[in-house]
Amino acid sequence: MSGAEKIAVRVTEVAPLNELVTRFRFEPVSGGLLPTFSGGAHTVVEMRDGDITRLNPYSLMSDPFDRSAYTISVRRDDEGRGGSKFMHTNVSVGDEMVISNPVNLFSLDLRATKHLMIAGGIGITPFLAQIKQLDRAHGNWELHYACRSEALGSYVDYLTTTHPNDVNIYYDDQSQAIDLDTLLDGQPLGTHIYVCGPKGMIDWVRAKAAEIGWPREAVHYEEFLAPQPGKPFEVKLAVSNKVIQVGEQESLLEAIERAGVDAPYLCRGGACGQCETDVVQAEGEIIHRDHWLEDSEKAGDAKIMPCVSRFEGKVLVLDR
Amino acid sequence: MTIQFHKETFRGEYSFHNSERAIKRFPFPFDKDSYMYAVNMEQHRGGPADSVYEKRFDVDEHYVSEMEDRALVLADDPLRCQSLPHMTLAGWDLLELIMVSKSEDYPELFELHRDGDQWRWVNKPLGIDDTFTFMDETTLPYGPMEYITRQTQGDFCVLDQRDDNLWMDAGTVTTQADWSLDFDIGMNFFEWHAPVPLAHEKGIFVRALKFLLNIQQGAPARRLNWTMTVNPLLDTSPENYHKWGIQKTTLTPENIGSKQHLRVELQTFFRLPRSNALVFPIRCYLCSFDDLMTVPKWGRRLHRVIRDLPVELATYKGFIDNRPMMLDYLSKFDDGQPTSLGIWPDLETEPPLKVVRSS
């Protein structure tokens, strides 16, 4: 079976933080302990939405050493395909759900002399777990967190109260912005940068760090893409000899799974590379949306990441 | 089944020996009559009863003596155990993984009692009963990785994962097939595999790395690897090549059956939860040719594999000079009959050896 190991959990808390973000707490149905994890890890949450099974990755934000429960925070995306909306409207305390074992694609580099964290919006969540891990080990870290407004500043109060000297908050609606030039210029040797937030923020930090000569290995980022809706299309699966239809609101990976074909995956957000699939034939345009394939691979149309990418055209045949 | 721990040596008079039970559970590495490198990974989730696959960390009749041999190697050469500063957390991960696994899998031999961070570890075969504070190095006689690997058979490489690569940043390596932790420490996956012939061209390492980077918590993997060793030596290290390399020249047609050993590594891979590092235990099993030949299927197959192995591999594995003598010996156990697929001895179903006419 594909994906990480599964855990049956019960929802024990649903806590709205502001008009967009709600926190969920999961405890194991078995009554035992959950696996420990490392800061930056995510879990894939299974949502049974009528006939559709949605699998969305969310960063674990609780203390990695607390094995009694995991917590995640979900930002409602009204433009999206409905996963976050499902969490906000259909999930309540007492519900049983299935989540995956923790998977970390955004790990701390423990060699770092200092961890410089840059968060945008809901991108704060992995840092909450990393901060707990680093505090336990007396690690050296500093957080710069940009939010749209005070009202939407999830966990700002908690962070500024517990770590007044290490946390810096910036509100967009007050025209506050991270002074990246100064910030990146003044860091001690051995500092690593971690950035999690909207694509624009990640690109901005990576470009600036590269421009002023930061080693590529010292800049870490994570952005899960949500699969975007698009025009329906037809795909032929060569190995399993099936022709499937991908609906407007489902991803190619979901359509493959719906047809009963076991396809590998981990993050379902275009980041981990696990679902990479060979294209046998493509007459039309593959809409590549992942962070995994190199630009040259995308141009060649020989591979596709079915978790987030789509197709428009006449014929698409996949080696699956 | 109760394990009778041997009192034996892997040096000097070489009193190491396998019981009949140990021979039957020996991890014979060839699943067909030929061999070539492959990413032959499978999930490590148990296996047939009493096989080396059954438990997460196999404990066998050689346990106590192997740990004594490790202590001797470390006393001579402390650099066989190294942990770069950022790997201490992974060391605690490994200590926890082994203590939890062994106490669950062998409750009659090992006990772990946890009260918050206060842990008590009882290792009956080695006579250890220690109480310590989890994550507090000052409460153990060694660092966490060294402490637990002095009590666990097999070498341990603890690999940091970063930049889409694995890095040999910690380990305890005293039973190795001619490679050196001290030389490889800090290297990445491609660097430490650089000397292996043929596999790079076949793209084996690119695919293997991709597989390993994706090993997840709770889903360990395993594979077998093999080489040849003259005399039952655990420590065939480059550091001591001047002591053991020369022994390869002592083989004679008379002593080859007892001196020549097939050396098999059960390699397993576990994701470590707190550090996101990967631990790579490499467990060495030794079996003499004479003992292997008591299993007719293995006799037939070993002859065919060694006969047809590419020169590059026989050279890399260090037995090209002795191959003719091995084949003289092994051919007597190959009557040309077909063999069943898979690694298991199949003693009940495979035919006994027909008399082989010497040529």
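The present account deals with the structure reproduced in this document. Just so it is clear, the model here is predicted, and its values are computed rather than measured.

1. Looking at the overall build of chain B
When its secondary structure is counted, chain B shows 13 helices and 10 strands. Taking the principal axes of its C-alpha atoms as reference, chain B extends roughly 70 × 45 × 40 Å. Pairs at least 24 apart in sequence give 70% of the contacts found in chain B among residues at least 6 apart. A distance of 6 Å separates the average location of the 39 positive side-chain charges in chain B from that of its 54 negative side-chain charges.

2. Side note on the nonpolar core
All names here are of chain B. Core analysis: the largest hydrophobic core is formed by 60 residues, its most contacted members being Leu166, Trp226, Met228, Leu262, Leu292, Leu302 and Ile306. Among the elements that line this core, the one with the most residues is helix α7 (residues 204–213), at 6 residues. When near neighbours in sequence (up to four residues on either side) are disregarded, Leu292 contacts Phe26, Phe28, Leu262, Cys287, Trp298 and Leu302. Core analysis: the second largest hydrophobic core is formed by 36 residues, Tyr63, Val64, Trp121 and Ala277 among them.

3. Considerations on the pairing of strand β4 (residues 52–59) of chain A
Among the 8 residues of β4(A), 6 are classified as buried, and the element is accordingly described as predominantly covered. The turn joining strand β3 (residues 41–49) of chain A and β4(A), which pair antiparallel and follow one another in sequence, is formed by 2 residues; a positive phi near 65 degrees is taken by Gly50(A).

4. Examining the interface of chain A and chain B
By a widespread convention, an interface's size corresponds to the accessible area lost as its parts come together. Taken together, the contact pairs 22 residues of chain A with 18 residues of chain B. Counting the surface lost from both chain A and chain B, the interface buries some 1800 Å², and carbon and sulfur atoms represent 46% of this. A per-residue breakdown of the area chain A buries against chain B is headed by Thr36(A), Leu110(A) and Arg111(A), which together make up 27% of the total. In this structure, Glu5(A) and Arg45(B) form a salt bridge, with 2.9 Å as the shortest nitrogen-oxygen distance. Grouping the constituent residues of the side of chain A that touches chain B by class yields 9 nonpolar, 7 polar and 6 charged.

5. Points about the sheet that holds strand β4 (residues 118–123) of chain B
Residues and elements named next belong to chain B. Taken together, the 3 strands give an open sheet; going across it, the order is β3-β4-β5, and neighbouring strands pair in antiparallel fashion. The open sheet has two edge strands with one neighbour each: β3 (110–115) and β5 (128–133). On average, adjacent strands in this sheet sit at an angle of 10 degrees to one another, irrespective of strand direction. Where β3 meets β4, 6 bridges bridge the pair, whose relative direction is antiparallel.

6. Looking at the pattern of salt bridges
Residue and element names in this part refer to chain B. Enumeration according to the criterion identifies 49 salt bridges over all chains in this entry. Salt-bridge contacts for Arg222 lead to Glu42; the nearest nitrogen and oxygen are separated by 2.8 Å. Of the two residues, Arg222 sits in strand β8 (residues 221–230) while Glu42 sits in strand β1 (residues 42–43), which places them 180 residues apart along the sequence. One salt bridge in this structure joins Arg274 and Asp93, with 3.7 Å as the shortest N-O distance. Linking Arg274 in the loop between β9 (260–271) and β10 (278–288) with Asp93 in helix α3 (residues 88–105), this pair joins segments that are 181 residues apart in sequence. What emerges from the salt-bridge pattern is a single network uniting Arg21, Arg25, Asp50, Asp58, Asp60 and Arg283.

The rules behind the values
- Residues numbered from 1 in each chain as written.
- Chains lettered and ligands numbered in written order.
- Predicted model: local features only at pLDDT ≥ 70, side-chain atom pairs only at ≥ 80, totals over all residues.
- Heavy atoms only, no water.
- Helix = DSSP H or I, 4+ residues; strand = E, 2+ residues; numbered from the N terminus.
- Contact = heavy atoms within 4.5 Å.
- Lys, Arg positive; Asp, Glu negative; His and termini not counted.
- Charge placed at Lys NZ, Arg CZ, Asp CG, Glu CD.
- Core = buried A, V, L, I, M, F, W, Y, C linked by side-chain atoms within 4.5 Å.
- Buried < 20%, exposed > 50% of the residue type's maximum accessible area, 1.4 Å probe, protein only.
- Pairing = 2+ DSSP bridges.
- Buried area = accessible area lost by both parts, 1.4 Å probe.
- Salt bridge = Lys/Arg side-chain N within 4 Å of Asp/Glu carboxyl O.
- Nonpolar A, V, L, I, M, F, W, Y, C, P; charged D, E, K, R; others polar.
- Axes fitted to C-alpha atoms, helices over the stretch in contact; angles between N-to-C directions.

All quantities given are derived from atomic positions and should not be read as evidence of function.
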